[in-house]
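Structural features, examined
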Amino acid sequence: MVRRPYPTYRDQTYPPTAAVWRALRELRAAPPGDASSSSWRHRLFSASLEQSEQLFTAAATVGPASRPLVLFYGLSQAGRAIAACAPVPNDKCRLNGHGISATQLDQSDVGSVIVKDKGKAGAESFTQVAEILGSRSLPDEARLADVWAAILEVSLWPLQSTTHPQLAINRETYQVDASTLQAMVSGLPGDLQNHEDPTDREQALSAWLSDYPALKGYRFRSTGAIPDSGPESWNERQGTIGCRLIWDVGHGEDVAERKFDEIAPWKGRSLTDSERAIHARLGGDDRQLHPLLAWWAVLFALSMLARYQPGQWTMQIDVNRSKDSVAIEYLLDSALATVPELILAAIDEVTA
């Protein structure tokens, strides 16, 4: 799709969020993809984006007590716009219901809330948008803390109960002679270095990485290899280490590129093509969760807490009582800028 260039977050000429919404508004007169195939799809696309923009604008004016409610419905309406322009039958565009549930809302630990999709009965929003974007869903129960950790933009502010954070993976080289792909994986806990014996360190590292199925098939750089560097990948993470992993990929740079795309399919906001992120196994499915779907699940769960457990939610966002309050504030602030960019990117994906 050809689109007029718009300022990115690095360009301070315009506020980044305003620039993204301006780019989304420009699509509405001549919708991309199948949104232009009929008048009702055009209306659905344009009206949904208008509602989404208004809801996100409103979300910026309210505090954490109410913001999850407005953000979630802003994203949900954008999902209808994504469906309208996707190459799917008309009945798949009329999204019905949330398609996702949140349980254990009465837990004192916000990270213990359970999210799970409702299957693929009908065109329910979460599962249908996942299918449109070529993403896995959440067929089995997943803890909110683990889905939260799958969001790149807030990975440095995880919930207290997070056990397996998101990892950064940076593609380094393709070795022509050996036909191997080499990448630096960063964000591993520093205590993996505590084992004095190299073999013990390697075994501990392998056991820890087993919860990251996207990395399957790797080997270490040499026998007895250990996490051999500090946090030297795309982001500094205090108290963490990095490790170089190798995959045998066959002959050809293009083969190595496809392998890297298989390991980490989606880039995060502001990352280059060689810098990606991967998250731990979620909800009974080893595939990676699309970034927009991770935001969707988290904002849905927080909106349910704010709506149905307002007293408890008020306590969870109180910086004087909750250790997770700052992480929640950070996520809700980040959503205002990040989610619109992901909406725009998702429209590009489905209409490319």
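These numbers were taken from a predicted model, which means no experiment stands behind them. (Residues numbered from 1 in each chain as written. Predicted model: local features only at pLDDT ≥ 70, side-chain atom pairs only at ≥ 80, totals over all residues. Heavy atoms only, no water.)

What follows covers the overall build of the chain. For the chain, the helix and strand inventory stands at 10 helices and eight strands. Across the 352 residues that make up the chain, the buried fraction comes to 54%. Within the chain, contacts between residues at least 6 apart in sequence are counted, and of these 69% link residues at least 24 apart. Accessible area of the chain: about 15,400 Å², with a carbon and sulfur share of 49%. (Helix = DSSP H or I, 4+ residues; strand = E, 2+ residues; numbered from the N terminus. Buried < 20%, exposed > 50% of the residue type's maximum accessible area, 1.4 Å probe, protein only. Contact = heavy atoms within 4.5 Å. Areas by Shrake-Rupley, 256 points an atom, 1.4 Å probe, with all protein chains shown as cover.)

Our focus in this paragraph is the packing of helix α1 (residues 16–27) against helix α2 (residues 39–59). In contact at an axis separation of 10 Å, α1 and α2 are set at 160° when each is read in the N-to-C sense. Comparing the axis directions of α1 and α2 gives the class roughly antiparallel. Of the two possible hands of crossing, α1 and α2 adopt the one that is left-handed. On the side of α1, the interface is formed by Trp21, Leu24, Arg25 and Leu27, while α2 contributes Phe45, Leu49, Glu50, Ser52, Glu53 and Phe56. (Axes fitted to C-alpha atoms, helices over the stretch in contact; angles between N-to-C directions. Parallel < 35°, antiparallel > 145°, perpendicular 65-115°, else oblique. Left-handed = near helix turned anticlockwise from the far one by under 90°.)

Next up on the list: the packing of aromatic side chains. Applying the stated criterion across every chain yields a total of eight aromatic pairs. Look at Phe126 and Trp296: their rings are 6.4 Å apart centre to centre, the planes differ by 65°, and that puts the pair in the edge-to-face class. Remark: Trp296 occurs in helix α8 (residues 291–308) and Phe126 occurs in helix α4 (residues 125–132); sequence separation between them is 170 residues. For Phe126, a relative accessible area of 0% corresponds to the buried category. Here Tyr218 and Phe220 contribute two aromatic rings whose centre-to-centre distance is 5.5 Å and whose plane-to-plane angle is 70°, an arrangement assigned as edge-to-face. Judged by relative accessible area, Phe220 falls into the buried class, the value being 9%. Through a chain of ring-to-ring contacts, three or more aromatic side chains come together here, namely Phe72, Tyr73, Phe126, Trp296 and Phe300. The residue whose ring lies beneath Arg94 is Trp40, and the NZ or CZ to ring-centre distance is 4.3 Å. (Phe/Tyr/Trp six-rings, centres within 6.5 Å; stacked < 30°, edge-to-face > 60°. Lys NZ or Arg CZ within 6 Å of the ring centre and 35° of its normal.)

These results come straight from atomic positions and should not be treated as a statement about function.
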